[in-house]
Amino acid sequence: MRNSSFIVLVLGILLGSATPGMADGLLPDIPAAQDRFSETQGCVEPTEDMRKNHMEYILHQRDETVHEGIRDKQHSLNECINCHVSDAPDAPHVSSEKHFCNSCHTFAAVSIDCFQCHADRPVRSGSDLHSLSQHIKSTGESGKLTPENLQALVSGVKP
Amino acid sequence: MSSETNIDLYRRRFLSGTASAVAGIALVPGVMLHEIAHAKPAEDAVSSDVRWGMLIDSNKCAEGCNDCVQACNDEHGLHGFDRPATDAQWIRKVKLKDKQTGHTQTLPLLCQHCEKPPCVDVCPTGASFKREDGIVLVDKHICIGCRYCMMACPYKARSFIHETLQDQKPYTPRGKGTVEACTFCVHRVDTDRTPACVEACTAENHNAMVFGDLNDPSSDISRQLKQYSTRQIRADLELNTGVRYRGI
């Protein structure tokens, strides 16, 4: 009885002190997006939804584009890259943890093979495929994945 | 009673007459209708109302000219690894020689976008498919790289990617372990533009290649196909190719 309450106490101290440290050191540092989708919405769907379900949107769009030639831009992988990766010449490739996709996928230990074929950086200027016309230029809203958001991702409940 | 019937009859005649007059007006600017039909909204699926095709005039295709091949390589980011036997090749120049007379001519050979494509028949996963508008493609998400399609293709139009690639073009995803071929520049066609090879050939004033809708009788390609004698390569296979040739 005494032993078990001691263990609980030690665990409590460890967890209590470890959690803030983890939030700073281990949680991914997600690069900010280049644009906002609209005045009220950062990404093409609500951010929490995108964090959980982006793969479903991309998969759906993938089949529609390849087989049916549907090329609207809202869930297009090219447009994800155009907005979430800088078009600077020294922008990180997907192999780097500074790349938007890899910043979180490294943390989640989920390897992605999209970029074995797909371009992992935006089209350079001069292409007509570059920008989402409805985007409003701003600094982006992203940044650190907070413990609250992480909790929301795991539990599926919006914070 | 009879007068009412007559009035109905007059009315009907008048209305049908008006309708045909309106139809006449609408049909006169045929080019306009044709252009509207091709400007597909981005969110719409392609339909079988259109069948894309290409007409190549080998008489206008100069020996030594490589503009179409270069344009294709640039457009899709194709580059070699100094291995001519396996390097990707979506379009290539072929030289024909009549052994009796010594007469030579050249033509570009690419995926013929068959109506009944053998590559689609043999594909075990469904990766090789034909779009509603007749463009034959590989869905590289499902391609397992077995290369049956390469063996089935009578035109040797497909390539297999042996090397790890980097810096692909955003609109042309390409990766190791998959088969690929000419896409008729599907990303351009979907936004109402012509394939890069045709654009280059026309821009250099060779005008040996025409691209358009085979289902539209008023399109440039359909009119030329009607006017001139053209051939399909290996027409005996009855694949009904989308690419036709003049002068061979």
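Reading the values: the criteria
Residues numbered from 1 in each chain as written. Chains lettered and ligands numbered in written order. Predicted model: local features only at pLDDT ≥ 70, side-chain atom pairs only at ≥ 80, totals over all residues. Helix = DSSP H or I, 4+ residues; strand = E, 2+ residues; numbered from the N terminus. Buried ≥ 20, exposed ≤ 12 C-beta atoms within 10 Å, placed from the backbone. Contact = placed C-beta atoms within 7 Å. Axes fitted to C-alpha atoms, helices over the stretch in contact; angles between N-to-C directions. Parallel < 35°, antiparallel > 145°, perpendicular 65-115°, else oblique. Left-handed = near helix turned anticlockwise from the far one by under 90°. Nonpolar A, V, L, I, M, F, W, Y, C, P; charged D, E, K, R; others polar. Pairing = 2+ DSSP bridges. Core = buried A, V, L, I, M, F, W, Y, C linked by C-beta atoms within 7 Å. pLDDT = per-residue confidence, 0-100.

## Some remarks on the overall build of chain A
Right, so step 1: Looking only at helices and strands, chain A features five helices and four strands.
Right, so step 2: Element order for chain A, N to C, with α for helix and β for strand: α-β-β-α-α-α-β-β-α.
Right, so step 3: In chain A, which comprises 159 residues, the proportion classed as buried is 19%.
Right, so step 4: Within chain A, residue pairs in contact and separated by at least 24 positions form 66% of the contacts whose partners lie at least 6 positions apart.

## A look at the overall build of chain B
Right, so step 1: From N to C terminus, chain B includes eight helices and 10 strands.
Right, so step 2: For chain B, the residues scored as buried account for 35% of the 248 residues in total.
Right, so step 3: When contacts within chain B are restricted to residue pairs at least 6 apart in sequence, long-range pairs at least 24 apart make up 61% of them.

## Quick notes on the packing of helix H3 (residues 67-76) of chain B against helix H7 (residues 196-203) of chain B
Residue and element names in this part refer to chain B.
Right, so step 1: In contact at an axis separation of 8 Å, H3 and H7 are set at 135 degrees when each is read in the N-to-C sense. Looking at the two axes, H3 sits oblique to H7. Two packed elements cross with a definite hand, and for H3 against H7 that hand is right-handed. In this structure, H3 uses Asp67, Cys68, Ala71, Cys72 and Glu75 to contact H7, whose residues at the interface are Ala196, Cys197, Glu199, Ala200 and Cys201.
Right, so step 2: Looking at the contact of H3 with H7 residue by residue, the classes come out as seven nonpolar, no polar and three charged.

## Re the pairing of strand E2 (residues 91-97) of chain B
For a regular strand, side chains alternate in direction, first toward one face of the sheet and then toward the other.
Residue and element names in this part refer to chain B.
Right, so step 1: In terms of strand pairing, E2 meets strand E3 (residues 104-110) through seven bridges, oriented antiparallel. By the bridge assignment, lysine 97 is partnered in E3 with threonine 104.
Right, so step 2: If you look at the hairpin formed by E2 and E3, you'll find six residues sitting between the two strands, and glycine 102 has a positive phi there, around 80 degrees.

## What about unusual backbone geometry?
Residue and element names in this part refer to chain B.
Right, so step 1: In this structure, aspartate 167 is a non-glycine residue whose phi angle is positive, near 55 degrees.
Right, so step 2: In this fold, aspartate 167 is placed in the loop between strand E6 (159-160) and strand E7 (179-180).
Right, so step 3: Not every positive phi belongs to a glycine, and aspartate 192 is a case in point at roughly 70 degrees.
Right, so step 4: Summarising the element assignment, aspartate 192 is placed in the loop between helix H6 (186-189) and H7.

## Considering the nonpolar core
Right, so step 1: Counting 50 residues, the largest nonpolar core has Ile56, Cys68, Cys72, Trp90, Cys182, Cys197 and Met209 of chain B as its most contacted members.
Right, so step 2: Looking at this core, the element that brings in the most residues is H7 of chain B, giving five residues.
Right, so step 3: Excluding anything up to four places from it in sequence, tryptophan 90 of chain B contacts Cys72, His76, Leu78, Leu110, Ala181 and Cys182 of chain B.
Right, so step 4: With 11 residues, the next largest nonpolar core counts Leu77, Cys80, Cys101 and Ala119 of chain A among its residues.

## Regarding H7 of chain B
Right, so step 1: Those residues of H7 of chain B not exposed but buried are Ala196, Cys197, Val198, Ala200 and Cys201 of chain B.
Right, so step 2: At the exit of H7 of chain B stands asparagine 205 of chain B, carrying a positive phi of roughly 65 degrees.

## A word on the environment of aspartate 57 of chain B
Right, so step 1: Topologically, aspartate 57 of chain B is positioned in strand E1 (residues 52-57).
Right, so step 2: Classification of aspartate 57 of chain B by C-beta neighbours within 10 Å gives buried; the count is 21.

## Thoughts on the confidence of the model for chain B
Right, so step 1: The pLDDT averaged across chain B works out to 89; a share of 84% of its residues lies at or above 70.
Right, so step 2: Predicted as a complex, the structure gets a pTM of 0.76 and an ipTM equal to 0.79.

## Here we look at the confidence of the model for chain A
Residue and element names in this part refer to chain A.
Right, so step 1: Model confidence for chain A is summarised by a mean pLDDT of 75, while 62% of its residues fall at 70 or above.
Right, so step 2: The spread of mean pLDDT over the elements of chain A runs between strand E3 (residues 136-137), the lowest at 32, and helix H2 (residues 47-68), the highest at 94.
Right, so step 3: With pLDDT under 50 throughout, residues 125-143 is counted as low confidence; its partners more than four residues away or in other chains account for 36 contacts.

## Observations regarding the environment of aspartate 35 of chain A
Right, so step 1: In this fold, aspartate 35 of chain A is placed in strand E2 (residues 35-36).
Right, so step 2: Through-space distance from the C-alpha of aspartate 35 of chain A to that of aspartate 63 of chain A is 26 Å; in sequence the pair is 28 residues apart.

## Looking at the interface of chain A and chain B
Right, so step 1: At the interface, 15 residues of chain A touch 20 residues of chain B.
Right, so step 2: When the residues that make up the side of chain A that touches chain B are grouped by side-chain class, the tally is six nonpolar, five polar and four charged.

## Notes on the sheet that holds E1 of chain B
Right, so step 1: Taken in spatial order, the four strands line up as E8-E1-E10-E9 (chain B) in an open sheet, and their pairing is mixed. At either end of the open sheet lies a strand with only one pairing partner, and these are strand E8 (209-213) and strand E9 (230-231) of chain B.

## As for the pairing of E1 of chain B
Residues and elements named next belong to chain B.
Right, so step 1: For E1, the tally of buried residues reaches six of six residues, placing the bulk of the element in the interior.
Right, so step 2: Burial along E1 is two-sided: Trp52, Met54 and Ile56 facing one way and Gly53, Leu55 and Asp57 facing the other are all buried.
Right, so step 3: By the bridge criterion, five bridges tie E1 to E8 in an arrangement that is antiparallel. Note on E8: the bridge partner recorded for tryptophan 52 is aspartate 213.
Right, so step 4: Looking at chain direction, E1 and strand E10 (residues 243-246) are connected through four bridges and run parallel. Among the inter-strand pairings, leucine 55 is bridged to a residue of E10, identified as arginine 244.

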